[in-house]
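If you want the building blocks of each chain, they are given just below.
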Amino acid sequence: MSFVHVNGELLPEQNARISVHDRGFLLGDGLFETMRAAGGRVLHLDQHLARLSRGAAVLGFELPPQAGLADAVHSTLAANDLASREAVVRLTVSRGVGPRGLGPPLRPSPTVVIIAAPLTAPLPVQQTAITLPFRLDAASPLVGLKTLNYLPQILGRQAALAAGADEGIFLNHADALVEGCASNLFWVRGNLLCTPDLTCGPLPGITRAIALTLASTLGLSVREGAFARSALAEADEAFLTNSVLGFMPLTRLDDRAIGQGKPGSVTARLQAALQQMAAA
Ligand SMILES: Cc1ncc(COP(=O)(O)O)c(C=O)c1O
């Protein structure tokens, strides 16, 4: 039986309830984190909680204390018998129930839901992507936040899947590369690791930050900047990053292979370094 954490209680999944007046459900007024766990430990939990807390500060409500959230995440893993397995944990925090209308309640009581599930299907060894026909707004107040407003990403993923690809890549209004629907984007040219900088509008991914840190240990120089889509045509290899996929080789964009059209050696070295970090 699966157990879900709802506001401090661990409940069998079929008994888990939130209010129909919850602003997360009605308005997308909330935040989430998707995390990977191994051996009962959530990888980079502090960084996920810090991003959640930055998001709550921007939205203007207070999260329950971080230590309590961390304990709740771990007890959800334990309740689902995931202490010794690879798992994915989703932590959702909404502003909670409020009066009708957009104006937030004066004293919000956030709703916290934590779902943990085993990572069962093997991860793909490579992915393909299309360039999305609609733009991400780098000036949106939501840029950089992992909010419950994921419709552009859902439409993007839907378009990618309909085109037979795995991921959709967003450009912004200045035609600069931004990120995938649920991933950050990197590519390698020679000794240079490139990725869109945060002013272009990507989420400050936890795995993105790890890639940037690992780059120097692998002898790579980093260039964060505003890049046109054509930068990928000149790349030796490319990869997508997120907390579940880690470093995922990206071998094709639209109708063109990237580099040799197969997983690259820098991506493989980064994958090995990430595995070592997880095992440490
Ligand atoms: C839009 C978007 N960008 C980037 C990422 C990667 O972030 P992280 O490495 O923190 O999982 C995600 C994660 O799901 C995402 O949704």
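Residues numbered from 1 in each chain as written. Predicted model: local features only at pLDDT ≥ 70, side-chain atom pairs only at ≥ 80, totals over all residues. Heavy atoms only, no water.

*Asks:* How would you explain the overall build of the chain if you had to name every residue and give the values?
*Replies:* The secondary structure content of the chain amounts to six helices and 15 strands. Here the C-alpha radius of gyration of the chain, 19 Å, is about what a compact globule of 280 residues would show, namely 19 Å. For the chain, the spread of C-alpha atoms along the principal axes amounts to about 50 × 45 × 35 Å. The buried share among the 280 residues of the chain stands at 47%. The long-range share in the chain, meaning contacts at least 24 apart out of those at least 6 apart in sequence, stands at 68%. Total accessible area on the chain is roughly 13500 Å²; 56% of this is exposed by carbon and sulfur atoms. Both charge centroids of the chain, one from 22 positive and one from 22 negative side chains, sit 1 Å from each other. (Helix = DSSP H or I, 4+ residues; strand = E, 2+ residues; numbered from the N terminus. Rg over C-alpha atoms; globule rule 2.2 N^0.38 Å. Buried < 20%, exposed > 50% of the residue type's maximum accessible area, 1.4 Å probe, protein only. Contact = heavy atoms within 4.5 Å. Areas by Shrake-Rupley, 256 points an atom, 1.4 Å probe, with all protein chains shown as cover. Lys, Arg positive; Asp, Glu negative; His and termini not counted. Charge placed at Lys NZ, Arg CZ, Asp CG, Glu CD.)

*Asks:* Break down the packing of helix H2 (residues 45-59) against helix H3 (residues 66-79) for me, citing the residues and quoting the values.
*Replies:* The N-to-C vectors of H2 and H3 enclose an angle of 125°; their axes lie 11 Å apart at closest approach. The orientation of H2 with respect to H3, classified from their angle, is oblique. The handedness of the crossing between H2 and H3 comes out as right-handed. Counted together, Leu 45, Leu 49, Ala 50, Leu 52 and Ser 53 of H2 and Gln 66, Leu 69, Ala 70 and His 74 of H3 form the full contact between these two elements. (Axes fitted to C-alpha atoms, helices over the stretch in contact; angles between N-to-C directions. Parallel < 35°, antiparallel > 145°, perpendicular 65-115°, else oblique. Left-handed = near helix turned anticlockwise from the far one by under 90°.)

*Asks:* Hey, could you go over the nonpolar core for me, with residue numbers and the actual values?
*Replies:* Counting residues in each nonpolar core, the largest one holds 25 residues, and the members touching the most others are Val 42, Leu 52, Leu 77, Val 89 and Leu 91. Only strand S3 (30-38), H2, H3, strand S5 (87-94) and strand S6 (111-118) provide two or more residues apiece to this core. The residues touching Leu 91, leaving out its near neighbours within four places in the chain, are Leu 31, Phe 32, Glu 33, Met 35, Leu 49, Leu 52, Leu 69, Val 112, Val 113 and Ile 114. Counting residues in hydrophobic clusters, the runner-up holds 19 residues, among them Ile 169, Leu 177, Ala 231 and Leu 232. (Core = buried A, V, L, I, M, F, W, Y, C linked by side-chain atoms within 4.5 Å.)

*Asks:* Lay out the packing of aromatic side chains in plain terms, naming residues and giving numbers.
*Replies:* Given two aromatic rings, one states the distance between the centres and the angle between the planes to describe the pair. All told, the structure shown has five aromatic pairs when counted by the stated rule. The interplanar angle of 5° and the centroid separation of 5.1 Å between the aromatic rings of Phe 186 and Phe 239 together place this pair among those described as stacked. Residue Phe 186 is found in strand S10 (residues 184-189), and its partner Phe 239 is found in strand S13 (residues 237-242); the two are separated by 53 residues along the sequence. Per residue, the accessibility class of Phe 186 equals that of Phe 239, and both read buried. A connected cluster of aromatic rings, assembled from ring pairs, spans Phe 186, Phe 239 and Phe 247. The ring centre of Phe 32 lies 4.0 Å from the NZ or CZ of Arg 90, which sits over that ring. (Phe/Tyr/Trp six-rings, centres within 6.5 Å; stacked < 30°, edge-to-face > 60°. Lys NZ or Arg CZ within 6 Å of the ring centre and 35° of its normal.)

*Asks:* Go over unusual backbone geometry, please, and point to the residues and values.
*Replies:* For Asp 81, which is not glycine, the phi dihedral falls at a positive 60°. In this fold, Asp 81 is placed in the loop between H3 and S5. One non-glycine residue, Asp 175, adopts positive backbone phi at about 65°. Relative to the helices and strands, Asp 175 is located in the loop between strand S8 (167-171) and strand S9 (177-180).

*Asks:* Could you give an account of the domain arrangement of the chain, with specific residues and numbers?
*Replies:* Where interface size is quoted, it is often the accessible area lost as the parts come together. Taken as a whole, the chain is organised into domain 1 (3-118) and domain 2 (127-279). Look at where the C-alpha atoms of domain 1 and domain 2 centre, and you get two points 26 Å apart. Tallying the contact residues gives 24 residues for domain 1 and 15 residues for domain 2. When domain 1 packs against domain 2, close to 1600 Å² is buried across both sides, 68% of that on carbon and sulfur atoms. Among the residues of domain 1 in contact with domain 2, Phe 32, His 44 and Arg 51 are the three that bury the most area, contributing 36% of the side total. Scanning the region where domain 1 abuts domain 2 turns up zero salt bridges. Among the elements of the structure, helix H1 (23-27), S3, H2 and S5 are those that each provide at least two residues to the side of domain 1 that touches domain 2. (Domains from an automatic or database assignment. Buried area = accessible area lost by both parts, 1.4 Å probe. Salt bridge = Lys/Arg side-chain N within 4 Å of Asp/Glu carboxyl O.)

*Asks:* Tell me about the sheet that holds S5, residues and numbers included.
*Replies:* Within a beta sheet, neighbouring strands are joined by backbone hydrogen bonds and run either parallel or antiparallel to one another. Strand order in this open sheet of six strands is S2-S1-S6-S5-S3-S4, and the pairing throughout is antiparallel. Every other strand in the sheet has two partners, leaving strand S2 (9-12) and strand S4 (41-42) as the edge strands with one partner each. Lying on the sheet, H2 is in contact with S3, S4 and S5; it crosses S3 at an angle near 180°. (Pairing = 2+ DSSP bridges.)

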